[in-house]
Amino acid sequence: MKKRTLALSAIAVFSLGLLASCGTEKTEKKTKSDEAKDKLSLSFGAMPAVDSLPVYIAEKEGFFKEEGLDLELQSFKSPKDRDAALTSGHLDGANSDLIALSTYRQGGLDVKVVSQSIGTFSILTSNEDIKTISDLKGKKVGIAKNQAPYYFLDEALKKKNLSVSDIVYEEVPQIPVRVELAKNKKIDATVVPEPFRTIGLANGLKELGNSNELDINATVFGFTGDSLSKNKKAVEAFYRGYNKGVDFINDKPMEDYYDVMKEKIGFTDEIKESVSLPKYIHAEQIKKEQLTSSFDWSKEQGITTKEWKETDVLSPLLSK
């Protein structure tokens, strides 16, 4: 009888152990499944420009991972390559501009503006007779037509009661070539972003004005309608990481992240002492006037013919 009791006890213990083991296995499987389900992922296209710096910093410092986001960050040197990646569905979002956005919508691509980006365009000249933007009248300006810098130039000229029709336009798509032509006085002026602004100034060019001073802003971060509706948590995590990148830039000396500026944007050791970055702020939506001005301009230029509404273009994600 005693032996039978011991045998039954052993079976009971074994059964309990087996049940506990199965329960643990199920819990582990459930945890792994939930983790896979909750994992956030996103693809983003960045340009070699100062407005992408908080993104590059956030990637290097692991801020996106801290927010539970697996970010596939792709760098593009050409806006055309970035736009091709967006159009083909290889990107959820990108650092772009309002003029490019109008072309996306003209082509039926649903990309919405989620935030302003801190981009800067500068008008540079080597012509000693050109003292102000007004002096550009009748002068040869090298630039790429119907892109954001061209829009900025037109808006800057309008502030002086002029327009791009008052200058002698010369098509020069490559930014480094523009700087070289201006330096050698083959053209009178050009429009460039950073780091070419600082490179140009280091090579003796003079700045007539920039987009921050003139309050003409056109650079933005945009995300596809699909990503905003189906992957909203990932986009929100992206901006939490982005804001941490902004804080890092504002709290640390440039020495701590200049290696990122060199690798990702194209700054050099030779111009390091001359670099002046814009003031970075946490992500926020653009002003409605910016959208109206740029889209109306696109229509005037024949870039877009489609009607649009603010609600179709501006995402309310950061407006809460």
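Residues numbered from 1 in each chain as written. Predicted model: local features only at pLDDT ≥ 70, side-chain atom pairs only at ≥ 80, totals over all residues. Heavy atoms only, no water.

A. Structural view of unusual backbone geometry. Cis geometry is found at the peptide bond from Glu194 to Pro195, where omega equals 5°. Along the chain, the position of Pro195 falls in the loop between strand S8 (189-193) and helix H8 (196-202). Non-glycine residue Lys185 carries a positive phi angle of around 60°. With respect to the secondary-structure elements, Lys185 resides in the loop between helix H7 (175-183) and S8. (Helix = DSSP H or I, 4+ residues; strand = E, 2+ residues; numbered from the N terminus.)

B. Here's a closer look at the packing of aromatic side chains. A full pass over the atoms with the stated rule returns 18 aromatic pairs. Seen in terms of ring centroids, Phe64 and Phe238 are 5.4 Å apart; in terms of plane orientation they differ by 10°. Their pairing is stacked. Within this pair, whereas Phe64 is found in helix H3 (residues 63-66), its partner Phe238 is found in helix H11 (residues 232-251), the two being separated by 174 residues in sequence. You can call Phe64 buried: its relative accessible area is 4%. In this structure Phe238 comes out as buried when scored by relative accessible area, which is 0%. When the centroid spacing of 5.2 Å and the interplanar angle of 90° are considered together, the rings of Phe238 and Tyr239 count as edge-to-face. Judged by its relative accessible area of 3%, Tyr239 falls in the buried class. An aromatic cluster is defined as three or more aromatic residues linked by ring pairs; in this entry it consists of Phe44, Phe64, Phe221, Phe223, Phe238, Tyr239 and Tyr242. (Phe/Tyr/Trp six-rings, centres within 6.5 Å; stacked < 30°, edge-to-face > 60°. Buried < 20%, exposed > 50% of the residue type's maximum accessible area, 1.4 Å probe, protein only.)

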